[in-house]
Amino acid sequence: MTNRPFNYDLDPSTGLPSRYDHHTLRKLSSMAGQFFDQAAYQQLLEQEDVVLYEVYELSRPAVSGELISGISVIHPGRVGDEFFMTKGHFHALLETAEVYVVLHGQGMMVMENPEGDCSVETYQPGRVIYVPPRWAHRSVNTGPDDLVFFWVYPANAGHDYGTIERQGFHKLVIASTSGPQILDNPRWKPAS
Ligand code: M6P
Ligand code: ZN
């Protein structure tokens, strides 16, 4: 990988990048245990292992000083009453932040830190969201269209998925007749 300046373009209508190094498809089957309604999860999985979201990454060496950036697309849909969402993660190097710029769609970013403080930010086009060091983050598409956003974080941050896989997030985002509701997750438990 060269150490020369570079650029890429985001398609104005879709937000997709003109080039990328990795394209990751995350399907329903990779989210076992993450959705609240496990019967609805099994039922949907038996119908189709749907693609929940896609990540386009511009890779850089995983060293201090470098930044990884890219675009994520969360497709619309629900598992039971719970909206399609990302796995969510802490950074393996906990003291690293991340910035998101929302391009299209609607949704919520659910965050929490190891001390159990929780925060939810709303995605809307043009909005910038700052995830401070130490805060786990999950993106939830609450709208009828793709949720598309740009993100950038330190290349040495890494992903800790295991903590969230074991304990879940404190908050769930659930559809209701009056719109998306943020509820306490009754199944949250400490990862230890
Ligand atoms: C954001 C970024 C990426 C991340 C992606 C999908 O776009 O934080 O680093 O990979 O979301 O989320 P997850 O890794 O939790 O599946
Ligand atoms: Zn992250």
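Preceding block: the structure.
Keep in mind it's a predicted model, so treat the numbers as computed, not measured.

S.K.: Before we move on, can you summarise the site of ligand 1 with the specific residues and values?
M.R.: Around ligand 1, the structure places 15 residues, and the nearest of them are Y53, S72, H89, E98 and Y161. Between ligand 1 and R26, the relevant distance is 2.9 Å, taken from an oxygen atom to a side-chain nitrogen or oxygen of the residue. Within the side chain of Y53, an N or O atom sits 2.5 Å from an oxygen atom of ligand 1. Among the cavities detected, the one that contains ligand 1 is the largest pocket. Within the residue set of the shell around ligand 1, elements represented by two or more residues are β2 (51-58), β7 (98-104) and β12 (147-154). With three residues, the top contributor of residues to the shell around ligand 1 is β12.

S.K.: Go over the layout of surface pockets, please, and point to the residues and values.
M.R.: There is about 330 Å³ of room inside the largest pocket. Every element with two or more residues in the lining of the largest pocket is listed here: β1 (22-27), β2, β7, β11 (136-141) and β12. In terms of residue class, the lining of the largest pocket is built from seven nonpolar, nine polar and five charged. Of the volumes computed, that of the second largest pocket is approximately 160 Å³. Forming the walls of the second largest pocket are 15 residues, and the residues nearest its centre are G33, Q167, G168, N185 and R187. When residues of the lining of the second largest pocket are assigned to their parent elements, the largest contribution, four residues, is made by helix α2 (residues 162-167). Residues that form the lining of the second largest pocket fall into these classes: five nonpolar, five polar and five charged.

S.K.: Lay out the environment of V79 with the relevant residues and their values.
M.R.: For V79, the position within the fold is in strand β4 (residues 78-79). Counting along the chain gives 38 residues from V79 to Y41, while the straight-line C-alpha distance between them is 5.8 Å. Excluding its chain neighbours within four sequence positions, the residues that come into contact with V79 are L28, F35, D37, A40, Y41, L44 and F84.

Scoring rules and cut-offs
Residues numbered from 1 in each chain as written. Chains lettered and ligands numbered in written order. Predicted model: local features only at pLDDT ≥ 70, side-chain atom pairs only at ≥ 80, totals over all residues. Heavy atoms only, no water. Near = heavy atom within 4 Å. Polar contact = N/O pair within 3.5 Å; in protein donor to acceptor, adjacent residues only side chain to side chain. 1 Å grid on protein atoms, 1.4 Å probe; cavity = no way out; pocket = protein on both sides within 12 Å on 5 of 7 lines; lining within 4 Å. Sits in = over half its atoms within 2 Å of the grid points. Helix = DSSP H or I, 4+ residues; strand = E, 2+ residues; numbered from the N terminus. Points joined across faces, edges and corners; volume = space filled by probe spheres on them. Nonpolar A, V, L, I, M, F, W, Y, C, P; charged D, E, K, R; others polar. Contact = heavy atoms within 4.5 Å.

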